[in-house]
Amino acid sequence: MDKVALKLTLFGLLFTCVNLAKQDIDIYSFHINSTVTSRYATTVITSRVANLLNQSQEVHFDVKIPKDAFISQFRMTIEGKTYDGVVKEKEEAQQQYNQAVSGGQSAGLVSAVGRTLEDFKTSVTVAAFSKVTFELTYEELLKRRLGTYELLINAQPMQFIDIDVHIQENTGISLLEVKGALSTKDLTNAVTTIRADKDAWVKFYPTRDQQTKCDECSKNGLNGNLIIMYDVERQKQSGDLKVSNGYFVHYFAPTDIQRIPKNVVFIIDESGSMSGTKIEQTRLAMLEILSDLAEDDHFGLITFSGHIQTWKPELLKATEGNVEEAKMFVKRIKSGGSTDINAAVLKAVDMINNYPQEGSASILILLTDGDPTTGETNPVKIQENVKKAIGEKFPLYSLGFGFDVNFEFLKKLSLENNGVGRRIYEDSDADKQLQGFYEEVAVPLLTDVHLNYQGVTNLTQSTFNQYYNGSEIVVAGQITDNSLETFTTEVIALSKSTKVVYHSSVFTGDLSSDRPEHENFIKRLWAFLTVKQLLEKMVLLKDLEKENAKKEALELSLEYKFVTPLTSMVVTKPQDEEMQVAHKPKEEEKPNRIIFTPLYFAYEHYFSCLARRKPALHKPLVGIERLTQKPLTTSPPPSMSIRVLKSSGNAHPLCYDVPLAQKFRLQQNVLSEFSMNGQLESFGGEGFSQIAIHYKTNHHLLLNTTEMIYNDGQKTVKFSWEQDLTHLERENVSLILRSNEMDVTMGNIRVVILLHKKDGDIFLWPAIWQQPKDVSLMGILGEADISYEEIPGSQTPTLKLKDKEVKTSWVMVKDYRFASAPAVGCWLVPFQAVAQRELSDFIVLQL
């Protein structure tokens, strides 16, 4: 951690070195093998890498896996010895992680949630001319959506790769398609599909030349997804049963029933935060959705901000005339105002309740991008109001647009009312995401579905509010009566107010798998589904019930070695290297919110890279030569100012002087609702006496040289610089206090505040580790990186900075962005040249 600033300072040189180092590593095999047995997929990624150098170096393993999957095994094999990852309770693993971090070690297994994928990264030091094999296994239960199952395989980052997929379905395979960027252009010829009665194989063995030719490929290899889509034959309307080793799984997806007309109310947020692209994409999606309504459906539209507006006071039949009139209403939707979620949803419930329709299915769909800000704003009270109003009569589906939304609140709001929460990602296809979700619930086939079994226990969810066309209900459990010769199932449901019953009685011997290698998959499928559902239930439960559900989910996760939100995988690497920990991120977390690794590795790698380079092969780096040739000035800053080091997009940083005894805006990002202010010390000081960080309207952290005070709008927590390692988590906020450092993550910005003690002086200094690079940032710490050009031939060193020529001098400064405060060379320029504004513009009256 204490070498962070040098990593930033030497970034240009480091980047060059890393690129050259790639030539010294050979990924001579990268193979993905996926086996799907009755919808349950087990995927093994194996990477074999050789170190071509005559000395040891770091080798990296970086893959992406589906975010609904659980990692179940990771191992590294080096020189014949295997190092296995161990799944532990998250709190226990976190203690080891914190100890590693506080000890200055890398904790570099990284998991980052994305739209459909998560990252898994690790590294290990490999001896000269030696090899390492990485092997990662993950498991997932494929969900049926819109009539197909999808197996997603990713080939990022750029790898030369082979893929084998084997699908085994005892009822037979009715459909098989291969899509994705890895099946385009020349790669189409690299995909081979083979279908038998109950099996299908997909082989992807492209040549080296083919692997550079697809929609998202480059000369370095593949970059994209391979998507295998399939469906199965449905021989019995009562469903498909599998039994093995005392466990069963029942897949239920009948096709012999007519669709049920639906009553649907769309509840659309039109508050100010929905302005711009969000509201435009919402209008586009709603126009398409309205066109897809069946004529016997009834529908309503509600828009809300600080007030509620209905298209019509009651539900209307989806006739051509009504749909066209509703489209005109949608086209006039405009954003502005606050957000009254409570009143909007309750109004929608009233519309459904006031329009009882025999033989129909009712649905509420809420779309919002923010927190409730007017009317009833207490999330708990809103949840109570909505649950009471709906009374378990119909589902509420909540779509959270973007990452400013309180997704945990929306998720619970839906789960309490038999629905689901789904995030809509801010992207060019957001309208398609909205349409895609609607299509999943557009055609209800059954309501009030109950699945009953004899002689079983530990059932997964067996009652469902609605069953939709193109989906599938999956129930698994443990058979307690081993003497059963027949296994009996009964499904009772409503189809248009008419009771329908599906009975099935099958000899247990006929249900067992005829393939010995499949004996344990049903048990693992049951455990996987049980853990998934327990994690969802924990959102709704309280006190002892919640603790019991957590205990059960944790025990199963540990028994089956699943990396879940309750567990982590600990990897102890060879040669006494650092321990690493992989966590399962939550959906509420933003994409690429990673567990950061202290950056000193990059600094050390830079110098080891220089040491191992061969003069006969590479020219010396230009930056190293110039570092000793610059006209060196050692003049200190003026006595009434301090010197601030600013990383640049070039090989060497900039620096500028800032006057003491002032309160300054250090950094502000309006879009992220983040700001940081600092009070510089008085005469003779070296840094800041106080720093205040603010996030949104309710998170405030004030730091001085003796203590830190954090307030989240409800509670106040105090920290002392003298206390032991402490970790505090709030929604989108993480505070980690370790030796003389407070590590602060708020939203998408990460800052480490360091406490320095020098010659009797005690002061603070901020080091920004993460911040957006594509938005406007204001403050004396300014933009993430500032590039410049050096103008040769001038008597006085001159830089071209933001299209202006600026006189400069080369000085050495103390870089307080890490604890050792090393002397670093930088170009000294006026502050105005960097910020294009006066220092006085950033003075604040209050921290």
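Everything discussed here concerns the structure shown above.
Here the structure is a predicted model, which means the values were calculated and not measured.

Re the overall build of the protein chain
Along its length, the protein chain carries 15 helices and 51 strands. Among the 847 residues that make up the protein chain, the fraction classed as buried is 54%. Relative to all contacts within the protein chain whose residues are 6 or more apart in sequence, the contacts with residues 24 or more apart total 67%. When the accessible surface of the protein chain is summed, it comes to about 36,500 Å², and 48% of that surface belongs to carbon and sulfur atoms.

Focus: helix H4 (residues 277–292)
Taking 1.5 Å per residue, 16 residues should reach 22 Å; H4 reaches 23 Å between its end C-alpha atoms and fits that length. Three or more residues of H4 are buried, namely Lys278, Ile279, Gln281, Thr282, Ala285, Met286, Ile289 and Leu290. Relative to the axis of H4, the buried residues are bounded by an arc of 165° and lie together on one face. In this structure, the buried residues of H4 make contact with strand E18 (262–269), strand E19 (298–304), helix H5 (320–331), strand E22 (361–368), strand E23 (396–401) and helix H9 (430–441).

Quick look at the sheet that holds strand E10 (residues 148–154)
One open sheet accounts for 4 strands, arranged E9-E10-E15-E12; its pairing is antiparallel. Two strands in the sheet have a free side with no partner beyond their single neighbour: strand E9 (144–145) and strand E12 (173–179). Summarising the sheet, E9 and E10 pair through 2 bridges and their orientation is antiparallel. Residue pairing for E10: Arg144 is matched across the bridge by Tyr149.

So, the pairing of strand E43 (residues 733–738)
Counting buried positions along E43 gives 6 out of 6 residues, so the element sits mostly inside the fold. Judged by which residues are buried, E43 turns out to be covered on both faces: Val733, Leu735 and Leu737 on one side and Ser734, Ile736 and Arg738 on the other are all buried. As paired strands, strand E42 (residues 726–730) and E43 are joined by 5 bridges and run antiparallel to one another. The residue bridging His727 from the neighbouring strand is Ile736, located in E43. Across 6 bridges, E43 lies against strand E44 (residues 741–746) in antiparallel orientation. Opposite Leu737, over in E44, you have Met742 as the bridge partner. The antiparallel pairing of E43 with E44 creates a hairpin that spans 2 residues between the two strands, and Asn740 there sits at a positive phi of about 60°.

With respect to the environment of Leu366
In this structure, Leu366 sits in strand E22. Separated by 22 residues in sequence, Leu366 and Ala344 have C-alpha atoms that sit 9.1 Å apart. Excluding its chain neighbours within four sequence positions, the residues that come into contact with Leu366 are Ile267, Phe304, Ile341, Val345, Leu396, Tyr397, Ser398, Leu399, Leu410 and Leu413.

Describing empty space enclosed by the protein
The tally for this structure, following the rule as stated, stands at 5 cavities of 30 Å³ or more. Computed from the structure, the largest cavity encloses a volume of approximately 110 Å³. Taken together, 13 residues form the lining of the largest cavity, with Met286, Ile289, Ile365, Leu399 and Leu434 sitting closest to its centre. If one sorts the elements of the lining of the largest cavity by residue count, H4 sits on top with 4 residues.

Section: the packing of helix H6 (residues 341–353) against helix H7 (residues 379–390)
Closest axis-to-axis distance for the H6/H7 pair is 10 Å, and the angle between their directions is 0°. Between H6 and H7, the interaxial angle falls into the category roughly parallel. Residues Asn342, Val345, Leu346, Val349 and Asn353 of H6 touch H7, and the partners they reach there are Ile382, Asn385, Val386, Ala389 and Ile390. Broken down by class, the residue content of the contact of H6 with H7 amounts to 7 nonpolar, 3 polar and no charged.

With respect to the packing of aromatic side chains
In this structure the tally under the stated criterion is 26 aromatic pairs. Consider the rings of Phe831 and Phe842, whose centres lie 5.8 Å apart with planes at 85°: the pair is edge-to-face. You can see Phe831 sitting in helix H15 (residues 831–835) and its partner Phe842 sitting in the segment after H15, a full 11 residues away along the chain. Of the two residues, Phe831 and Phe842, both sit in the buried class.

A closer look at the state of the cysteines
Simply put, disulfide is the name for a covalent bond between the sulfur atoms of two cysteines. A full pass over the atoms with the stated rule returns 1 disulfide. Paired through a disulfide, Cys655 and Cys826 show a sulfur-sulfur distance of 2.1 Å. Taking the sign of the S-S torsion, about 80° here, the bridge from Cys655 to Cys826 comes out right-handed. One end of the pair, Cys655, is in strand E35 (residues 654–659); the other, Cys826, is in strand E51 (residues 823–828), and 171 residues separate them in sequence.

Overview of the pattern of salt bridges
Enumeration over the complete set of coordinates arrives at 28 salt bridges. Ionic pairing is found between Asp84 and Arg75, a salt bridge with its closest N-O pair at 2.9 Å. A salt bridge links Lys262 to Asp297; the shortest N-O distance between them is 2.7 Å. Residue Lys262 is found in strand E18, and its partner Asp297 is found in the loop between H4 and E19; the two are separated by 35 residues along the sequence. Both residues of the pair, Lys262 and Asp297, count as buried. Salt bridges sharing common partners tie together Arg39, Arg144, Glu169, Asp231, Arg234, Asp240, Lys242 and Glu472.

Observations regarding helix H8 (residues 407–415)
By the criterion of burial, H8 is predominantly enclosed, with 8 of the 9 residues buried. Here the buried face of H8 lies against H6, E22, H7, E23, strand E24 (421–424) and helix H11 (521–540).

Thresholds applied
Residues numbered from 1 in each chain as written. Predicted model: local features only at pLDDT ≥ 70, side-chain atom pairs only at ≥ 80, totals over all residues. Heavy atoms only, no water. Helix = DSSP H or I, 4+ residues; strand = E, 2+ residues; numbered from the N terminus. Buried < 20%, exposed > 50% of the residue type's maximum accessible area, 1.4 Å probe, protein only. Contact = heavy atoms within 4.5 Å. Areas by Shrake-Rupley, 256 points an atom, 1.4 Å probe, with all protein chains shown as cover. Expected span 1.5 Å × (residues − 1). Arc of directions from axis to C-beta. Pairing = 2+ DSSP bridges. 1 Å grid on protein atoms, 1.4 Å probe; cavity = no way out; pocket = protein on both sides within 12 Å on 5 of 7 lines; lining within 4 Å. Points joined across faces, edges and corners; volume = space filled by probe spheres on them. Axes fitted to C-alpha atoms, helices over the stretch in contact; angles between N-to-C directions. Parallel < 35°, antiparallel > 145°, perpendicular 65-115°, else oblique. Nonpolar A, V, L, I, M, F, W, Y, C, P; charged D, E, K, R; others polar. Phe/Tyr/Trp six-rings, centres within 6.5 Å; stacked < 30°, edge-to-face > 60°. Disulfide = S-S within 2.5 Å. Salt bridge = Lys/Arg side-chain N within 4 Å of Asp/Glu carboxyl O.

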